[in-house]
Amino acid sequence: MNAHPALDPWFAAQGWTAQPFQREVWAHMAAGRSGLLNAPTGTGKTYAVWGGVVNHAIVTPGSTRSRPKLNRATPAPSTSLRESRSDNRGLKAIWITPLRALAGEIAESAQRMCDGVGLDWKVGTRTGDTSTKERAAQKKALPQLLVTTPESLHVLLATKGYADLFKHLDWFIADEWHELLGSKRGVQVELALSRLKALRPQLGIWGISATIGNLPQAMDVLLGTAHLVTSGTVDPASTLLSVGRPCGTGAPVLVRSTIKKPIEIHSIIPEEVERYPWAGHLGLKLAHRLLPIIEQSTSTLIFTNTRAQSEIWYHHLLDIAPELAGTIALHHGSLDRGVREWVEKALDEGRLKAVVCTSSLDLGVDFRPVETVVQVGGPKGVARFVQRAGRSGHRPDAVSRIWFLPTHALELVEAAALRQAAAEGSIEARQPLFRCFDVLAQYLMTLAVSDGFCPASLYDEVRSTWCFQDITHEEWDWLLTFITTGGKSLTAYEEFRKAVVDADGCIRVHDRRVALRHKLSIGTIVGNESFAVKLIGGGRIGTVEEWFINQLKPGDVFWFAGRSLEFVRVQGLVAQVRKSREQKGKIPSWQGGRMPLSSYMAKVLREQLSPPFPPTSPPAPLPGRGVTAAENSSTADKLGAREERSPEMRAVEPILERQRETSVVPTEDELLIERFTSREGHHVVIYPFEGRLVHEAMGSLLAFRMSLLKPITFSIAMNDYGFELLSDQPIPIEEALDNDLFSPQDLLSDLQRSLNATEMAKRKFRDIASIAGLVFKGMPGRPLKERHMRANSSLFFDVFREHEPEHLLLRQAYDEAFDVQMELPRMREALERIGRQRIVLKDPGRFTPFAFPILVDRLREKLTSEQLEDRIRKMTERLEKA
């Protein structure tokens, strides 16, 4: 079916031409089909799907059309528009956005299109930022399109009579689905959809994604599993119609844009590359190289990986270029909403030359395309890099330009890997979550708070989701017991008997206090308690975490939001500050900000370090677990055999050359192990190139296995490239290799014995307990202190561990500790890969260029910045002399 004639003139009025993938989506949606759209950033994904909703509304009998609201740029439609006398009230479409900051711009874009084609629809938003007055108005009448977040959608599901809110719903759109997939917020979307599909069996569902590698699976997760049959049970709470697929009419479709968005990648290469690189010092030394880039561009986004890093870079750029004052700004998620919105508006109006930012500006189309993007430090993932590059040239016909600025020399290898991956068009997969019982417990309470639910029919709905497709009847019954009695361990406590099984078999909440506390707790975003930062006599600036505020004494100076601030006092959860003239001060950091290397990025990184050889080269040795001494082909032979390498790899050649002189640069088929002694003790450094999280767990695993051969203790340090085992006595590495040191057998049991698994699970349990409603965060304005939250969740953990070890939330905590925090599946794959590799054991006699940055990361925790730099300078001098 072709698009309605009103759409093309509207596109032309914007100076656009509808892309083939947009027309394809419109045709599928006009036929009532569901699916997933994949298209590069900046090519018009939003108008592809929203245009499909509008087109469907226009061509479907019953839609209300008005004369288009014309402006100078909007010509009158070429086809007469018939008015319909059908009722057009009620919610027609839900648009889920992962960031509430994007809701307003999406609503404005959608409303502009409705007005332009003459569709008499109102577009509204509902997020945590929505005013009380607007929410009250929405209770009386929802707009035709509601742009909202997963949390706010669940708040609607907790409303009495919510089925009436959705009785006219035709479309459900999950925008930036790759950002939600693999998170508990994505599970919230799955569960909400399972309920909406039961209310509206022909609901059309569409996902929108730019950067994701597992598209078919992503679509299946969004649309739900197909293994259910209609239960035939009528839910008295909401009149269940059917469960499971199909969604819409016909088979779901995967629409891929054929637009190949070109990305220009430039690296800022140091004039001199040190042979012993270390993390953290090089970036700021290259900051002056950014100034011409900023000057020559109309607008520049400078992406950093953490909020603390963005504060440092903003401050440093103003230090070295004071003339940037007034034309450069800072943007990250801990700044006050008003500050962020001012920055976005100023960027859109062309009043800013540059913005230093974090992932807070990864998404959205809320300002005009920027000319240039800069990535400071390795983004640790291809998808993140491509997403950020797409903020430049945010149009289908434009080239995206991104500059890579390394924070240490070896990150140039990551830049080369990113260049290769971008050229190949390869993106990481996002793995969906399974069996998040904390989210399900919260969802059950949400339905119980509203109209209640019939357990038998709801079980089928829940099983239609990807996350809970294998939930058993026993687990389901346990969850029902948990919300009605608190479970075996908490039955004696009345406060945990939240829901009641009524005479009709449905489960409901009758206690208003329980209902209120639950509504205030809806959501899965958890983190450390934050304090608002507020100027005395002025406005709110943003938020920092409690642990940082606890370190400050009155009079201490810290830098935040690009300002020098003096800490005055704490009142409640507000840190009161005044402006300071001091140029030095602490910079807040936020826990959990360090990102590990993605598995795909690690693979491409290993390929970059493995030089290509001509077909006449001798075959590689067979894999083996024993110790070998790698044969060092001459450097000249290797260089002569290489294909043309990227500028980044040519730049790091001095490091690789020194690495070959002292040890070896491993190929894809080799695992390098270095062994040497120093004044600190005995060192073994291993280089799997698998990322920080995997290396942390693998280091503990190997240390434990070697301790079975002889009593020995280790300290462990790691980075994304490898890890170090340090001991005060000789390390039995050869004997360990002969005893299957890297075997994946007994992996889980060995890890449980090598790590403090209980403490790791306890940390995970704190968030799980909060999501599941075991721990209440407090009323508005009177939140529970962070230390009290920890104490309460810790108490529950200990009770369940001792008296109810089969507790589902306890089991989930251990699963998350291993699968999420330590990336157990990925580590198993790494061990299996190592089993096929040749192990190269070298005795370089001292730290090598590859080992040096790991040593620095270990020393960083013990020394001040000045002490560290002095120590590194002396060590580098000794190594160069050697």
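Residues numbered from 1 in each chain as written. Predicted model: local features only at pLDDT ≥ 70, side-chain atom pairs only at ≥ 80, totals over all residues. Heavy atoms only, no water.

Details of the pattern of salt bridges
Then, in step 1: One pass over the full model with this rule turns up 38 salt bridges.
Then, in step 2: The salt bridge involving Glu 823 is made with Arg 826; its shortest N-O contact spans 3.5 Å.
Then, in step 3: Connected through salt bridges with shared partners, the residues Arg 606, Glu 690, Glu 823, Arg 826 and Arg 833 form a single ionic network. (Salt bridge = Lys/Arg side-chain N within 4 Å of Asp/Glu carboxyl O.)

Observations concerning the packing of aromatic side chains
Then, in step 1: For the structure shown, the criterion picks out 25 aromatic pairs.
Then, in step 2: Where Phe 689 meets Tyr 721, the ring centres are 5.9 Å apart and the plane angle is 35 degrees; that geometry is what we call tilted. Taken together, the residues Phe 689 in the loop between strand 23 (681–687) and helix 26 (692–707) and Tyr 721 in the loop between strand 24 (715–718) and strand 25 (723–727) connect sequence positions 32 residues apart. Tyr 721 shares its class with Phe 689; the two are buried. (Phe/Tyr/Trp six-rings, centres within 6.5 Å; stacked < 30°, edge-to-face > 60°. Helix = DSSP H or I, 4+ residues; strand = E, 2+ residues; numbered from the N terminus. Buried < 20%, exposed > 50% of the residue type's maximum accessible area, 1.4 Å probe, protein only.)

A look at the confidence of the model for the protein
Then, in step 1: Mean pLDDT for the protein: 84, with 85% of residues reaching 70 or above.
Then, in step 2: Here residues 63–86 is a poorly scored stretch, pLDDT under 50, and it has 45 contacts once near neighbours within four places are set aside; other chains count.
Then, in step 3: Throughout residues 227–246 the model reports pLDDT below 50, and contacts reaching past four residues in sequence, or to other chains, amount to 49 contacts. (pLDDT = per-residue confidence, 0-100. Contact = heavy atoms within 4.5 Å.)

Quick word on the state of the cysteines
Then, in step 1: Under the counting rule described, the total for this entry stands at zero disulfides.
Then, in step 2: Between Cys 436, a cysteine without a disulfide, and Cys 467, which holds the nearest cysteine sulfur, the sulfur-to-sulfur distance is 4.1 Å.
Then, in step 3: By relative accessible area, Cys 436 is classed as buried at 4%. (Disulfide = S-S within 2.5 Å.)

A few points about the sheet that holds strand 3 (residues 123–126)
Then, in step 1: Across the sheet, which stays open at both edges, the seven strands sit in the order 3-4-2-5-6-1-7 with parallel pairing between neighbours. Since the sheet does not close on itself, it has two edges, and those belong to strand 3 and strand 7 (253–256), each with one partner. For this sheet, the mean angle separating the axes of adjacent strands, direction not counted, is 15 degrees.
Then, in step 2: Note that strand 3 and strand 4 (residues 145–148) share four bridges and pair parallel. Paired with Gly 124 across the two strands is Leu 146, which belongs to strand 4.
Then, in step 3: Together, strand 1 (35–38), strand 2 (93–96), strand 4, strand 5 (171–174) and strand 6 (204–209) form the strand contacts of helix 3 (residues 45–59), whose direction differs from that of strand 2 by roughly 170 degrees.
Then, in step 4: Its contacts with the sheet place helix 10 (residues 215–223) against strand 1, strand 5, strand 6 and strand 7, and it is angled at close to 135 degrees to strand 7. (Pairing = 2+ DSSP bridges. Axes fitted to C-alpha atoms, helices over the stretch in contact; angles between N-to-C directions.)

So, the sheet that holds strand 17 (residues 540–545)
Then, in step 1: In spatial order, the strands read 17-16-20-19-18; together these five strands make up an open sheet with mixed pairing. The strands lining the two open edges of the sheet, one partner per strand, are strand 17 and strand 18 (557–560). Here the average twist between neighbouring strands, direction ignored, is 45 degrees.

Focus on the nonpolar core
A general tendency of soluble globular proteins is for nonpolar side chains to be buried together.
Then, in step 1: Ranked by size, the top nonpolar core spans 82 residues in total, and within it Phe 166, Phe 172, Trp 177, Leu 440, Phe 468 and Leu 774 carry the most contacts.
Then, in step 2: Considering every element that reaches this core, the biggest residue donor is helix 17 (residues 437–449), with 10 residues.
Then, in step 3: The contact partners of Leu 774, leaving out residues within four places of it in the chain, are Phe 482, Leu 490, Phe 496, Lys 498, Phe 765, Ala 769, Phe 796, Phe 800 and Leu 809. (Core = buried A, V, L, I, M, F, W, Y, C linked by side-chain atoms within 4.5 Å.)

Considering the environment of Pro 252
Then, in step 1: The topology assignment puts Pro 252 in the loop between helix 10 and strand 7.
Then, in step 2: Among the residues examined, Pro 252 registers a relative accessible area of 31% and is labelled partly exposed.

Remarks on the environment of Gly 542
Then, in step 1: Within the secondary structure, Gly 542 is located in strand 17.
Then, in step 2: A relative accessible area of 0% places Gly 542 in the buried class.
Then, in step 3: For Gly 542 and Gly 338, which are 204 residues apart along the polypeptide, the C-alpha to C-alpha distance reads 9.3 Å.
Then, in step 4: Contacts of Gly 542, omitting those with residues within four sequence positions, involve Ser 334, Leu 335, Asp 336, Phe 531, Ala 532, Val 533 and Phe 560.

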